Amino acid sequence: MKKIFAVSVMCLMFAPSAFSAVPWWEQPTICKLDPTDCYSTMGAGYDGEAWDSETGCWGMKYICPEALKTPGSYQPVLMGRQEIASGNKINIDYDTNILNGDCFGVRKTTDNGAMASVNGEYVRVWCNGVLDNPDPDNYLPNGELPENGREPTCSELARNGFMATQAGKCFGKYYDPMKYKIECGDPNSIFATNILELNGADPSYTYANAPTTADDADDIFDRMQEKSASQRKIYFQDD
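Below is a short write-up of the structure.

Each value, and the rule that gives it
Residues numbered from 1 in each chain as written. Predicted model: local features only at pLDDT ≥ 70, side-chain atom pairs only at ≥ 80, totals over all residues. Heavy atoms only, no water. Patch = residues over 30% accessible without salt bridge, like charges linked within 9 Å, V, L, I, M, F, W, Y side chains within 5 Å. Areas by Shrake-Rupley, 256 points an atom, 1.4 Å probe, with all protein chains shown as cover. Salt bridge = Lys/Arg side-chain N within 4 Å of Asp/Glu carboxyl O. Lys, Arg positive; Asp, Glu negative; His and termini not counted. Charge placed at Lys NZ, Arg CZ, Asp CG, Glu CD. Helix = DSSP H or I, 4+ residues; strand = E, 2+ residues; numbered from the N terminus. Pairing = 2+ DSSP bridges. Buried < 20%, exposed > 50% of the residue type's maximum accessible area, 1.4 Å probe, protein only. Phe/Tyr/Trp six-rings, centres within 6.5 Å; stacked < 30°, edge-to-face > 60°. Lys NZ or Arg CZ within 6 Å of the ring centre and 35° of its normal. Disulfide = S-S within 2.5 Å.

**Description of a negative patch on the surface**
Part 1: A cluster of acidic residues, Asp215, Asp216, Asp218, Asp222 and Glu226, forms a negative patch on the protein surface.
Part 2: Tracing the backbone shows Glu226 in helix H4 (residues 214–235).

**Looking at the sheet that holds strand S7 (residues 115–118)**
Part 1: In spatial order, the strands read S6-S7-S8; together these three strands make up an open sheet with antiparallel pairing. Each edge of the open sheet carries a strand with a single partner, namely strand S6 (109–110) and strand S8 (121–124).
Part 2: Two strands pair when backbone bridges link them, and S7 and S8 are joined in this way by four bridges, in the antiparallel orientation. From the neighbouring strand, Ala116 faces S8, where its bridge partner is Val123.

**Some words on the pairing of strand S9 (residues 134–140)**
Part 1: Bridging between S9 and strand S10 (residues 143–146) involves three bridges; their strand directions are antiparallel. Bridging across to S10, Tyr139 finds its partner in Glu144.

**Concerning the pattern of salt bridges**
Part 1: Evaluation of the coordinates by the stated rule reveals five salt bridges.
Part 2: Between Arg159 and Asp132 there is a salt bridge whose closest N-O contact spans 3.4 Å. Taken together, the positions of Arg159 in helix H3 (residues 154–159) and Asp132 in the loop between S8 and S9 put the pair 27 residues apart, joining distant regions of the chain.
Part 3: What makes Asp132 partly exposed here is its relative accessible area of 49%.
Part 4: Linking Glu156 and Arg150 is a salt bridge whose minimum nitrogen-to-oxygen distance equals 3.3 Å.
Part 5: When its relative accessible area of 22% is taken as the criterion, Glu156 is described as partly exposed.
Part 6: Looking at Arg150, the relative accessible area reads 48%, which means it is partly exposed.

**Digging into the packing of aromatic side chains**
Part 1: Tallied over the full model, the rule gives six aromatic pairs.
Part 2: Measuring from centroid to centroid gives 5.4 Å for Tyr175 and Tyr180, while their planes differ by 75°, and the two rings are edge-to-face.
Part 3: If you follow Lys61 out to its NZ or CZ, it ends over the ring of Phe104, 4.4 Å from the centre.
Part 4: One cation-aromatic arrangement involves Arg81 over Tyr39; the distance from NZ or CZ to the ring centre is 5.9 Å.

**So, the state of the cysteines**
Part 1: Within the structure shown, the criterion is met by four disulfides.
Part 2: Each sulfur of the disulfide joining Cys127 and Cys170 lies 2.0 Å from the other. Its S-S torsion of approximately 95° makes the covalent link between Cys127 and Cys170 right-handed. On the criterion of sequence distance, the pair formed by Cys127 in the loop between S8 and S9 and Cys170 in the loop between strand S11 (162–166) and strand S12 (171–174) is long-range, its members being 43 residues apart.
Part 3: Under the relative-accessibility criterion, Cys170 is labelled buried at 10%.
Part 4: Here Cys154 connects covalently by a disulfide to Cys184, the sulfurs 2.0 Å from one another. Note on the Cys154 and Cys184 pair: the S-S dihedral is about -75°, so by sign convention the disulfide is left-handed.

On their own, these measurements won't tell you what the molecule is for.
Right, dumping it as structure tokens:
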């Protein structure tokens, strides 16, 4: 400490006379800190008074706890530029260039937000209310992610009137069960095979002689046409 003080005194004693009228804080001495800012502008999400010793500049970013590989708390963490750039502590699913309230770190998305990064891969974002078991720790602006990464099956979706099709910025398009019937070829698959417009029919009603093939349907229509023609001869005779 004595050595540092001695050097400071010497700096002042032997300063050129040209600088005698210049305020001490504006004189180019070795004791003056580099005023360079780490970032061109600093507002929300930054601490402009924090000294980034790795790069020798003022200003550090607050990184959101969810954007860290191992969150230590629920509070944002100050990090230097080199530490952020290394990626050693950053969750690969988050973009630390985007402000998220008062800190940086937003989950990466694509397809207008309908797909989100999970463990480095993009998965579907489900519309709010579609999933029976959404992940309680991962609510996104456009919807939800499934708990434990398990996506719903076609039969699970159809039970609530949904199909695994995109509905704007999320997945899970709703079809009124009173108007449509969703058919699942493989109930464990995520996708439906057909969707039928009921036109007033009751999908739960079992028809005794319902046709099962196109030939059966043609045979029924032929007999209906013959019956109609015979009735016409009886009730609509030509004058």
